[in-house]
Amino acid sequence: MKIFITDGSCDGFFTAVFDAYRLPDAAITSDNRIQLSFDCEVERVNADGAKSERVKRGLSKYDRSAVADILLVLRSGNGDKEQIAFEYVKTIFDKKTCVKKAFNIPSVEIFRETRDKVTLEAHRMKGFLRFTECADGMLYAPYSPDNDITDMLMPHFAARLKNQIFVIHDVKRKTAGIYNRQRWIIGRVGEAKIYISEQEKTFSELWKKYYDSVNIGERPHEKQMRGYMPARYWKFLPEKKDG
Amino acid sequence: MVDENKLKILTEAAKYDVSCSSSGSRRKNEGGLGNAYSGGICHSFTPDGRCISLLKILMSNECLYECEYCPNRRSANTPRAKLTPDEICELTISFYKRNYIEGLFLSSAVCDSPNRTMELLVETVTKLRRDYNFHGYIHLKGIPHADEEIVMKAAKIVDRMSYNIELPSEKSLKLLAPQKTKQSLIEPMKSLKNAIEYERSEKSSRRILPAGQTTQMIIGASPESDGQILKLTQALYRNMNLKRVYYSSYIPVVKSEKLPSVGAGLLREHRLYQADWLIRFYGFDVEEICDESENLSPDYDPKCAWALRNMQLFPVEINKAPLAVLLRVPGIGAKSAYKICEARKYSELSFDDLSRMRVVLKRARHFITCKGKFYGSDNAIQIKRALLLEGINEKAEQLSMFSDRATAISALTGEI
Ligand code: SF4
């Protein structure tokens, strides 16, 4: 078996596909810590724009949304994301047609599920992200999503908080989206030093008060709450943080 | 700054209003703060399992009216509070900026004359839009007996309005909410509907109530059957073009001889929502679901109950049945039906294909064939028992009671 290890970039992935997909027994990953067995051959992939382009063009011939779908899957926090995308690519080239909705083919169903988890989380975060107001008026939202979705959130919040300056900080991946009332960029951020505004505490307290008051105590249904709002997201929610 | 205690009083007074949905509007941000997202967004969930999307408060809970079931009625001995328009605006803006909420759901008790109350509500939302430059979602409750002119003014500013019809019959309304007449609730609904339709036909760019109208009624405070309730529901969808009819199962917070001493079960509310779902998305007519004098079966969901009464229509072939028929198979929800229709274009589907596609087959297998093969039971009693067992699990679960469409779909519950 031959294993292709990429640098984690999208071009890296498509380059690996170019090199791997004719081999009978190949796998792709960007995980450096992967456990190797004795009979494995390892190849480090250098992203190659030309190869990547050719694979993308090949895919688009059969399915115009395939590349966009793959880019979504490559944001996944699932360690097997490259392999899942690779199997999907192979299925398309195999069948020489768009397989997007052939849900009875296992590689397609797993691919869809992985992609939907990414879009679901991006949707959820439009609701669950919490901004803190800083002393200079900037809004700061730290979070730790399962998938790499910050740039999917930026257009939404830039349209919404048009007249504000804000930062969305993925503390796990150490990246941040920054908006300055005109445009947004994604950058690398280590630790962020934040000076919280004087009013901040008042409003987060009011919000907690609201949260507690709007609940109907006679009808507990914690399980449903946890289903819709998984506990791993709570540490960034003022209403759930301590209590 | 808003006082914490006031916020508590006015939130607790508003919390029995079920609606919290923020869907249906695409309002744009015109250089200030906020826009609307047509699918709706949930910002948090409370321990009762409900979504928080909007800041849902009363402007005031001082009331001139005497609705029997209401903790804020005139004669009630309860703490009262009132917020000024500026306080409401400030609170909305500061919550919105922090992404706590999607917008505002503002309601009020009839604190002054109906007109004066409605005027104050309109003043508040006008201020929020104009002075505070807010373009997020606003849902405004209509005050019965307020003049049409003021109501229409409100409709041009906000995204959604609702007049709650409160009770499922005029008789119960007279008994339990004597100051609210059927006319005072239905007439404004009708005017708003006509205004929306007129404006759409004119194709003007200014939009009245982009997210339409909704209503709510209390279930179990009065003797109406589920059949009556559903018939009314269907009429409201068809004649008033409502986006949603919400049910709020009665909770005895007020002691009164005119009211039952026990609350309506959540299961009843759940079944009504399932039936409502069938009417709106699954192509069912209320007559197929429940006779006017009858109640829904607590044991089976309404689609199962319908299928059991119509066994002669089953099984249906999964590779041939049109979408509308697939939607009627117990256990196959909208998402599964869609996946089946798409996947069978590539190849004929077998039973194993369905499970690979994660279609839940526990109930469905008794009602379908795959490539002509049947995998269920022929024995009607066995089928009933299998469905009944499912029903019991579901009673323990009681999912999706309050969910609006967006939340229900995203969590894949509510599909039956
Ligand atoms: S009008 Fe009726 S329901 Fe509304 S606050 Fe007053 S008493 Fe309560």
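Outline the sheet that holds strand 4 (residues 132-133) of chain A, supporting the account with residue identities and numerical values.
Residues and elements named next belong to chain A. With respect to topology, five strands assemble into an open sheet ordered 4-5-6-7-8, the strand pairing being mixed. Sheet topology places strand 4 and strand 8 (184-188) at the edges, where each strand pairs with a single neighbour. Pairing geometry for strand 5 (residues 139-143) and strand 6 (residues 166-170), over five bridges, is parallel. Pairing of Pro142 across the sheet is with His169, part of strand 6.

Can you break down the nonpolar core residue by residue, with the values?
Among the nonpolar cores identified, the biggest contains 157 residues, and A:Phe166, B:Phe95, B:Met118, B:Met161, B:Leu230 and B:Leu354 are the most heavily contacted of them. If sequence neighbours within four positions are ignored, B:Leu354 has contacts with B:Ile318, B:Ile340, B:Leu349, B:Val359, B:Leu361, B:Ile368 and B:Cys370.

Explain the interface of chain B and chain A to me, using residue names and the numbers behind them.
Size of an interface: often given as the accessible area lost when the parts come together. The interface of chain B with chain A comprises 71 residues on the first partner and 59 residues on the second. When the two sides are added together, the surface that chain B and chain A hide from each other amounts to roughly 5,800 Å², 56% of it contributed by carbon and sulfur. Put simply, chain B and chain A have nine salt bridges between them. Taking the shortest distance from any N to any O, the salt bridge between A:Glu200 and B:Arg98 comes out at 2.9 Å.

Residue-level account of the pairing of strand 5 (residues 137-141) of chain B, with values.
Residue and element names in this part refer to chain B. Most of strand 5 sits inside the fold, with five of its five residues counted as buried. Side chains Tyr137, His139 and Lys141 project from strand 5 onto one buried face, and the interleaved Ile138 and Leu140 project onto a second face that is buried too. In this fold, strand 4 (residues 103-107) hands off to helix 3 (residues 114-130), which returns the chain to strand 5; that crossover is right-handed. For strand 5 and strand 6 (residues 160-162), the ladder comprises three bridges, and the chain directions are parallel. From the neighbouring strand, His139 faces strand 6, where its bridge partner is Arg160.

Report on the site of the ligand, specifying residues and quantitative values.
All names here are of chain B. In the vicinity of the ligand, the contacting residues are Cys63, Tyr65, Cys67, Cys70, Arg73, Ala109 and Lys180. In this structure the site holding the ligand corresponds to the second largest pocket. Here the shell around the ligand is built from residues that sort into five nonpolar, no polar and two charged.

Got a sec to walk through the layout of surface pockets? Specific residues and values, please.
Residue and element names in this part refer to chain B. Taken as a whole, the second largest pocket spans an internal volume of roughly 1,000 Å³. Taken together, 45 residues line the second largest pocket, and the ones lying closest to its centre are Ala13, Tyr16, Cys70, Pro71 and Asn72. If one sorts the elements of the lining of the second largest pocket by residue count, helix 1 (residues 4-12) sits on top with four residues. Considering only residue class, the lining of the second largest pocket consists of 24 nonpolar, 12 polar and nine charged.

Quick rundown of the packing of helix 1 (residues 10-20) of chain A against helix 2 (residues 49-62) of chain A? Include the residues and the values.
Residue and element names in this part refer to chain A. Where helix 1 contacts helix 2, the axes come no closer than 8 Å and their chain directions differ by 80°. Classified by the angle between their axes, helix 1 and helix 2 sit roughly perpendicular to one another. Only Lys51, Ser52, Arg54, Val55, Lys56 and Leu59 of helix 2 make contact with helix 1, whose side of the interface consists of Asp11, Phe14, Thr15, Val17, Phe18 and Asp19. Looking at the contact of helix 1 with helix 2 residue by residue, the classes come out as five nonpolar, two polar and five charged.

Just give me the short version of the packing of aromatic side chains, but keep the residues and values in it.
Taken as a whole and judged by the stated rule, the model has 23 aromatic pairs over all chains. Geometrically, the ring pair formed by A:Phe128 and B:Phe45 is edge-to-face, given 6.4 Å between the ring centres and 75° between the ring planes. Note that A:Phe128 is positioned in helix 5 (residues 106-128) and B:Phe45 in strand 1 (residues 44-45), a pairing that runs across two chains. Under the relative-accessibility criterion, A:Phe128 is labelled buried at 5%. Under the relative-accessibility criterion, B:Phe45 is labelled buried at 3%. Ring plane angle 85° and centroid distance 5.4 Å describe the contact between A:Trp207 and B:Phe95, whose orientation is recorded as edge-to-face. Taken together, the residues A:Trp207 in helix 7 (residues 200-214) and B:Phe95 in helix 2 (residues 85-97) connect one chain to another. Each member of the pair A:Trp207 and B:Phe95 is classed as buried. In this structure an aromatic cluster arises from ring pairing among A:Phe128, A:Tyr228, A:Tyr233 and B:Phe45.

Reading guide: rules and limits
Residues numbered from 1 in each chain as written. Chains lettered and ligands numbered in written order. Predicted model: local features only at pLDDT ≥ 70, side-chain atom pairs only at ≥ 80, totals over all residues. Heavy atoms only, no water. Pairing = 2+ DSSP bridges. Helix = DSSP H or I, 4+ residues; strand = E, 2+ residues; numbered from the N terminus. Core = buried A, V, L, I, M, F, W, Y, C linked by side-chain atoms within 4.5 Å. Buried < 20%, exposed > 50% of the residue type's maximum accessible area, 1.4 Å probe, protein only. Contact = heavy atoms within 4.5 Å. Buried area = accessible area lost by both parts, 1.4 Å probe. Salt bridge = Lys/Arg side-chain N within 4 Å of Asp/Glu carboxyl O. Right-handed = clockwise from strand over helix to strand, strands pointing away. Near = heavy atom within 4 Å. 1 Å grid on protein atoms, 1.4 Å probe; cavity = no way out; pocket = protein on both sides within 12 Å on 5 of 7 lines; lining within 4 Å. Sits in = over half its atoms within 2 Å of the grid points. Nonpolar A, V, L, I, M, F, W, Y, C, P; charged D, E, K, R; others polar. Points joined across faces, edges and corners; volume = space filled by probe spheres on them. Axes fitted to C-alpha atoms, helices over the stretch in contact; angles between N-to-C directions. Parallel < 35°, antiparallel > 145°, perpendicular 65-115°, else oblique. Phe/Tyr/Trp six-rings, centres within 6.5 Å; stacked < 30°, edge-to-face > 60°.

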